[in-house]
Amino acid sequence: TANAPIFGIDANGLVNEWNNKSAAITGFSCEEVLGKNLVEVYITQEYRDSVKMVLDNALRGKETANFEFPLFTADKRRVEVLLNATTRRDVAGNVVGVLGVGQDITERKQVEEEKTRVGQELQTFIDTANAPIFGIDANGLVNEWNNKAAEITGFSKHEVMGKDLVQVYITEEFRASVREVLDNALLGIEKSNFEFPLFTKDKRRVEVLLNATTRRDVTGAIVGVIGVGQDITEMRRLMEQETLLFQAQAANDAKSQFLATMSHEMRTPLNVIMGMNELVMDTPLTDEQRKFSQQIGTSSESLLVLINDILDLTKIEAGKLELVTVEFDLRTSLEDAVDSVAGRAMAKGLEICCYMDPAAQTRIMGDPDRLRQILLNLFSNGIKFTATGQVYVVVELEEVTATHQTFRFKVYDSGIGISAEGQKKLFN
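Everything quoted here is computed from the prediction, not taken from an experiment.

Conventions used here
- Residues numbered from 1 in each chain as written.
- Predicted model: local features only at pLDDT ≥ 70, side-chain atom pairs only at ≥ 80, totals over all residues.
- Heavy atoms only, no water.
- Salt bridge = Lys/Arg side-chain N within 4 Å of Asp/Glu carboxyl O.
- Helix = DSSP H or I, 4+ residues; strand = E, 2+ residues; numbered from the N terminus.
- Buried < 20%, exposed > 50% of the residue type's maximum accessible area, 1.4 Å probe, protein only.
- Pairing = 2+ DSSP bridges.
- Axes fitted to C-alpha atoms, helices over the stretch in contact; angles between N-to-C directions.
- Contact = heavy atoms within 4.5 Å.
- Phe/Tyr/Trp six-rings, centres within 6.5 Å; stacked < 30°, edge-to-face > 60°.

Engineer: Describe the pattern of salt bridges, and please don't skip the residues or the numbers.
Structural biologist: One pass over the full model with this rule turns up 15 salt bridges. The salt bridge involving E144 is made with K157; its shortest N-O contact spans 3.8 Å. One end of the pair, E144, is in strand β7 (residues 142-145); the other, K157, is in helix α7 (residues 157-160), and 13 residues separate them in sequence. According to the relative accessible area criterion, E144 is buried, its value standing at 5%. For K157, a relative accessible area of 33% corresponds to the partly exposed category. The residue E159 makes a salt bridge to K201 at a minimum N-O spacing of 2.8 Å. Highlighted residues: E159 in helix α7 and K201 in the loop between β8 (191-199) and β9 (205-216), separated in sequence by 42 residues. Connected through shared salt-bridge partners, E68, R108 and K109 make up one network.

Quick look at the structure:
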């Protein structure tokens, strides 16, 4: 009636004892097994040698405790048994057999195997996680280092195990703060989203966002710290770039605002100067005074063009430059642009002219002011860099569709031209 399986064999290995618990566990009754060879009949071939050795040793007086082996039941189930094999003697002290007292440890083995499986799965998860994971023991020595941590830092698991994490792998600047976080976790005070840098084997700086979690054993005692990190190097770089971009945009906006304000402020007194100069030109002047007044007028007009260009630049940078669409005569706009710079060209002894196919349809829709501004800039540059000769423009009708006409404007001059290096800067 014992609550443990108990069996006995004689000196020949034949069963001579088989209690109720043995029968209950295996499904073989006492009548079925008595007189049978225990090892040959009831032990699988895989374990026969080891079980026979334990029983033979006991028959020689050498007993064995806590020997594990499997028994297969009548319905082919596997039962794990923990066996104590005790030598059985008669009253004269002669060895007459072996008494085996066992324990059914099937459930315990299943629990242990499940724990092993879960542990292996957890280790695999840690090793293959897409985040750097490390562990330290109560002394701050590394006892866990997954594949991602090795990939990011360049230090293999073999290199870091047993090393002092803070002392060896954290720069002096951050040792105190990192050690404080880990020491607190060893006291049960966990930390989330702690940022610090790790320096890799090849001296690169890696920014890490860390969660430090207290590690406990089955009794709840603190045995170390698990650190789960995130490589935020790229995120930090993008944030810094975004900050720099924002600063650059703010500086550019401030510059544009300053230029716009300055241009407006300069244009008001300049218009007064130009107006007063025109009034002076209408009065009786000596030849020298008229020459001076003309120079004032020319310089004022040049300065006004520059101010208008600055205003346009600020509008372009702010994305506020708008084109209007009105009907105008292209030939008239072209001639007006030529007339505006003719005085400067003649003052330098230059010839300035334009050519356009007389048969071309010149009543078009567009922005005449912007076109005139572009032509004036091109003419002005041509005149500025031409000492002798001519500046002229040719307008060709390039394409006509049902809704659009495309004109090509070619400005020629006999000046110094643009160097190859300068052309690379202007055109692409």
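The discussion continues.
Engineer: Tell me about the sheet that holds strand β14 (residues 390-400), residues and numbers included.
Structural biologist: One open sheet holds the three strands; their spatial order is β12-β14-β15, and the pairing between them is mixed. Whereas interior strands pair on both sides, the edge strands pair on one side only; in this sheet they are β12 (351-356) and β15 (405-413). Within the sheet, the average angular offset between the axes of one strand and its neighbour, ignoring direction, is 15 degrees. Each of β12, β14 and β15 touches helix α12 (residues 330-347); the most contacted strand, β12, lies at about 170 degrees to it. Where helix α13 (residues 368-384) meets the sheet, it contacts β12, β14 and β15, and its direction lies at approximately 20 degrees from that of β15.

Engineer: I'd like to hear about the sheet that holds β7, residue by residue, with values.
Structural biologist: Taken in spatial order, the five strands line up as β7-β6-β10-β9-β8 in an open sheet, and their pairing is antiparallel. The sheet is open, and its two edges are formed by β7 and β8, each paired on a single side. Across the sheet, the mean angle separating the axes of adjacent strands is 30 degrees when strand polarity is ignored. Set on the sheet, helix α9 (residues 172-186) makes contact with β6 (133-137), β8, β9 and β10 (222-231); between it and β8 the angle comes to about 140 degrees.

Engineer: If you had to explain the packing of aromatic side chains to someone new, which residues and values would you point to?
Structural biologist: Applying the stated criterion across every chain yields a total of seven aromatic pairs. Where F67 meets F69, the ring centres are 5.8 Å apart and the plane angle is 20 degrees; that geometry is what we call stacked. F67 gets classed as buried once you look at its relative accessible area, which sits at 17%. Pairing F155 with Y169 gives two aromatic rings, centres 4.9 Å apart and planes at 65 degrees, and the pair type is edge-to-face.

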